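# Coordinates in review
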Amino acid sequence: TPKGTIEHAKIYFGNDHLVLDGVDKKAYLSALSQSKHLVITCDSSSMISEAALTEKPIYVAMIPATRSDKRFQKFRNLLESMNIIRKLEDEIDTWSYEKLDETNRIARLIKEKLS
């Protein structure tokens, strides 16, 4: 995530919220488990997917793309239609959804095919 975006997030959310500004897997996993809401930048489909396992509201912070992001847009549109993510705007809401657990879903399908 660009440094300017991280600094903006720290100012926007203030001292009452944790903004991770480095790569630390333990802090990341702790943040996923302890947070009430998650905010993830639009350029990280893997982080959005991992967050979707938590069943917690996920907000996507839209940052300007430096290159074509049609693949990311398609991914975000799908998750938005499933009520898993929403764009980060002025209001913070709480909602629920069925967790996205594609690894186990695909593993079951493979197991069935092999049986």
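The structure under discussion appears in the preceding block.
What counts, and where the lines are drawn
- Residues numbered from 1 in each chain as written.
- Predicted model: local features only at pLDDT ≥ 70, side-chain atom pairs only at ≥ 80, totals over all residues.
- Heavy atoms only, no water.
- 1 Å grid on protein atoms, 1.4 Å probe; cavity = no way out; pocket = protein on both sides within 12 Å on 5 of 7 lines; lining within 4 Å.
- Points joined across faces, edges and corners; volume = space filled by probe spheres on them.
- Helix = DSSP H or I, 4+ residues; strand = E, 2+ residues; numbered from the N terminus.
- Nonpolar A, V, L, I, M, F, W, Y, C, P; charged D, E, K, R; others polar.
- Phe/Tyr/Trp six-rings, centres within 6.5 Å; stacked < 30°, edge-to-face > 60°.
- Buried < 20%, exposed > 50% of the residue type's maximum accessible area, 1.4 Å probe, protein only.
- Lys NZ or Arg CZ within 6 Å of the ring centre and 35° of its normal.
- Pairing = 2+ DSSP bridges.

## A closer look at the layout of surface pockets
- If you add up the space inside the largest pocket, you get close to 1300 Å³.
- Lining the largest pocket are 39 residues; nearest its centre among them are Leu18, Val19, Leu20, Val39 and Ile40.
- At the level of elements, α1 (3-13), α2 (25-34), β1 (38-41), α3 (45-51) and β2 (58-61) are the ones that each hand at least two residues to the lining of the largest pocket.
- Of the residues belonging to the lining of the largest pocket, the class tally is 21 nonpolar, 11 polar and 7 charged.
- A volume near 220 Å³ is recorded for the second largest pocket.
- Partitioned by chemical class, the residues of the lining of the second largest pocket number 6 nonpolar, 2 polar and 4 charged.

## Things to note about the packing of aromatic side chains
- Taken as a whole and assessed by the stated rule, the structure comprises 1 aromatic pair.
- Their ring planes at 85 degrees and their centres at 5.1 Å tell us that Tyr59 and Trp95 sit as a pair that is edge-to-face. Here Tyr59 is found in strand β2, whereas its partner Trp95 is found in the loop between β3 (85-87) and α5 (102-114), with 36 residues between them in sequence. Comparing Tyr59 with Trp95 shows no difference in burial state: the two are buried.
- If you follow Arg71 out to its NZ or CZ, it ends over the ring of Phe72, 4.9 Å from the centre.
- The lysine or arginine in question, Arg86, covers the ring of Trp95, its NZ or CZ lying 3.9 Å from the ring centre.

## Considerations on the pairing of β1
- Two strands pair when backbone bridges link them, and β1 and β2 are joined in this way by 4 bridges, in the parallel orientation. Within β2, the residue paired with Val39 across the bridge is Tyr59.

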